[in-house]
Amino acid sequence: MKNTFIEFAEEMKFDLNEQVDNIKNFGDIEDIKNLDSEIYKTNFYQGYSFNEKISLKEYKKYVDRLLGTNLSIKDLDRIDEIYETENIIYPILDVLRKAKDKLGEIPKIDFVILNGGMTKFHVIDERIEQFFSMKPSSVLDQDKAVARGAAVYNYRINNGEKFEKIQNDTIGLERF
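Residues numbered from 1 in each chain as written. Predicted model: local features only at pLDDT ≥ 70, side-chain atom pairs only at ≥ 80, totals over all residues. Heavy atoms only, no water.

## Comments concerning the overall build of the chain
Rules: In DSSP terms, a helix is any run of H or I states spanning at least four residues, a strand is any run of E spanning at least two, and both are numbered starting from the N terminus. A simple rule labels every residue: compare its accessible area, found with a 1.4 Å probe on the protein chains alone, to the largest value its type can have, and call it buried under 20%, exposed over 50%, or partly exposed in between. Note on definitions: a residue-residue contact is assigned when non-hydrogen atoms from the two residues lie within 4.5 Å. Positive: Lys, Arg. Negative: Asp, Glu. His and the chain ends are not part of the count. All charge positions are set by atom: Lys at NZ, Arg at CZ, Asp at CG, Glu at CD.
Helices and strands together make up the secondary structure of the chain, namely six helices and four strands. In the chain, the succession of helices and strands from N to C terminus is α-β-β-α-α-α-β-α-β-α. Referenced to the eigenvectors of the C-alpha coordinate spread, the extents of the chain come out at roughly 60 × 40 × 35 Å. Burial analysis of the chain (176 residues in total) assigns 31% to the buried set. The long-range fraction of contacts in the chain, counting pairs at least 24 apart against all pairs at least 6 apart in sequence, stands at 48%. The averaged location of the 33 negative side-chain charges in the chain is 3 Å from the averaged location of its 26 positive side-chain charges.

In structure tokens:
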């Protein structure tokens with residue numbers, strides 16, 4: 001039954017995201033504040049029904065920790081003191097700190113490109129925009145971008161090219 005509830009949560013997440021996309025494309029942006037998703041399943045378990053409703057505001061509250069909303073660029077100098085590392089901002093801070101250590105200053109960020117399937121969710125896009133104070137761009141097909149990169153990498157390796165290291169860690173986004 002646990003998996004069923006996870007499936008319901010996924011369904012609601014996708015529904016909320018689809019509603020946001022539709023409003024951004026065809027509606028009034030102010031309507032986003034009032035979004036909600038409802039799941040109603042009859043005969044869910046031994047004749048019982050399941051009915052749950054979640055607003056976009058509640059959803060954001062539930063994923064707040066994974067979005068790293070408590071972190072900002074100002075936390076770069078105290079990154080070694082941060083213990084909640086399973087969020088989308090910590091790896092960004094880590095990369096910026098390494099760049100700062102190498103260059104002696106934080107590099108100027110001119111452009112942010114989102115890549116990978118999770119970047120299709122508006123809460124990710126919104127959080128990255130908030131963090132960098134600029135609207136990020138996305139590759140055309142976020143779902144396939146990582147797979148295409150892996151295919152190109154594999155092709156190049158099989159043709160004799162050498163690479164130093166490929167980062168393959170996850171930061172817990174599968175829980176979104």
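Following the structure, the description resumes.
## Brief notes about the packing of helix 4 (residues 90-103) against helix 5 (residues 122-132)
Where we set the bar: Orientation is described by axes fitted as lines to C-alpha atoms, over the contacting stretch for helices, and by angles from 0 to 180 degrees between their N-to-C directions. Put simply, a crossing is left-handed when the front helix is turned counterclockwise from the back one by less than a right angle, and right-handed when it is turned clockwise. Residue polarity is assigned by list, with Asp, Glu, Lys and Arg as charged and Ala, Val, Leu, Ile, Met, Phe, Trp, Tyr, Cys and Pro as nonpolar; anything else, Gly included, falls into the polar class.
Where helix 4 contacts helix 5, the axes come no closer than 12 Å and their chain directions differ by 35 degrees. Our pair here, helix 4 against helix 5, has a crossing hand that is right-handed. Judged by residue contacts, Ile 92, Leu 93 and Leu 96 of helix 4 engage Ile 128, Phe 131 and Phe 132 from helix 5. Classifying every residue of the contact of helix 4 with helix 5 gives six nonpolar, no polar and no charged.

## Thoughts on the pattern of salt bridges
Using the following cut-off: When a carboxyl oxygen of Asp or Glu is within 4 Å of a side-chain nitrogen of Lys or Arg, the pair counts as a salt bridge.
Applying the stated criterion across every chain, the model contains 12 salt bridges. Note that Glu 126 is salt-bridged to Lys 60, the shortest N-O span being 2.9 Å. You can see Glu 126 sitting in helix 5 and its partner Lys 60 sitting in helix 2 (residues 56-62), a full 66 residues away along the chain. When its relative accessible area of 25% is taken as the criterion, Lys 60 is described as partly exposed.

## As for helix 6 (residues 142-158)
Heads up, the condition is: To estimate the expected span of a helix, count its residues, drop one, and scale the result by 1.5 Å.
In this model helix 6 runs 25 Å from its N-terminal to its C-terminal C-alpha over 17 residues, within 8% of the 24 Å that 1.5 Å per residue would give. Once helix 6 ends, the next one or two residues include Gly 160, with phi positive near 90 degrees.

## Remarks on the side chain of Asp 125
By secondary structure assignment, the location of Asp 125 is in helix 5. For Asp 125, the residues in contact, after removing those within four places along its chain, are Lys 24, Leu 114, Lys 135 and Pro 136.

## Here's the deal with a nonpolar patch on the surface
Using the following cut-off: Patch definition: residues above 30% relative accessible area lacking any salt bridge, with like charges linked at up to 9 Å and the nonpolar side chains Val, Leu, Ile, Met, Phe, Trp and Tyr linked at up to 5 Å. Every accessible area reported is derived by Shrake-Rupley at a probe size of 1.4 Å, with residue values counting cover from the shown protein chains alone.
A surface patch of nonpolar side chains, about 230 Å² in accessible area, is lined by Tyr 153, Ile 157 and Phe 163. Summarising the element assignment, Ile 157 is placed in helix 6.

## Looking at unusual backbone geometry
One non-glycine residue with positive phi stands out, namely Ser 133, at about 60 degrees. Within the element layout of this structure, Ser 133 appears in the loop between helix 5 and strand 4 (137-138).

## Let's talk about the packing of aromatic side chains
As a reminder of what qualifies: Aromatic contacts are taken between Phe, Tyr and Trp rings whose centres are within 6.5 Å, Trp giving its six-membered ring; a plane angle under 30 degrees counts as stacked, one over 60 as edge-to-face, and the others as tilted. Comment: the charge-over-ring label is applied if NZ (Lys) or CZ (Arg) is within 6 Å of the ring centre and within 35 degrees of the ring normal.
Under the counting rule described, the total for this entry stands at two aromatic pairs. Relative to Phe 121, the ring of Phe 14 lies with its centre 5.2 Å away and its plane at 55 degrees, an arrangement referred to as tilted. Taken together, the residues span a long stretch of sequence, with Phe 14 in helix 1 (residues 2-26) and Phe 121 in the loop between strand 3 (113-114) and helix 5 at a distance of 107 residues. Owing to a relative accessible area of 45%, Phe 14 belongs among the partly exposed residues under this scheme. A cation sits over an aromatic face here: Lys 13 above Phe 14, 5.1 Å from the ring centre.

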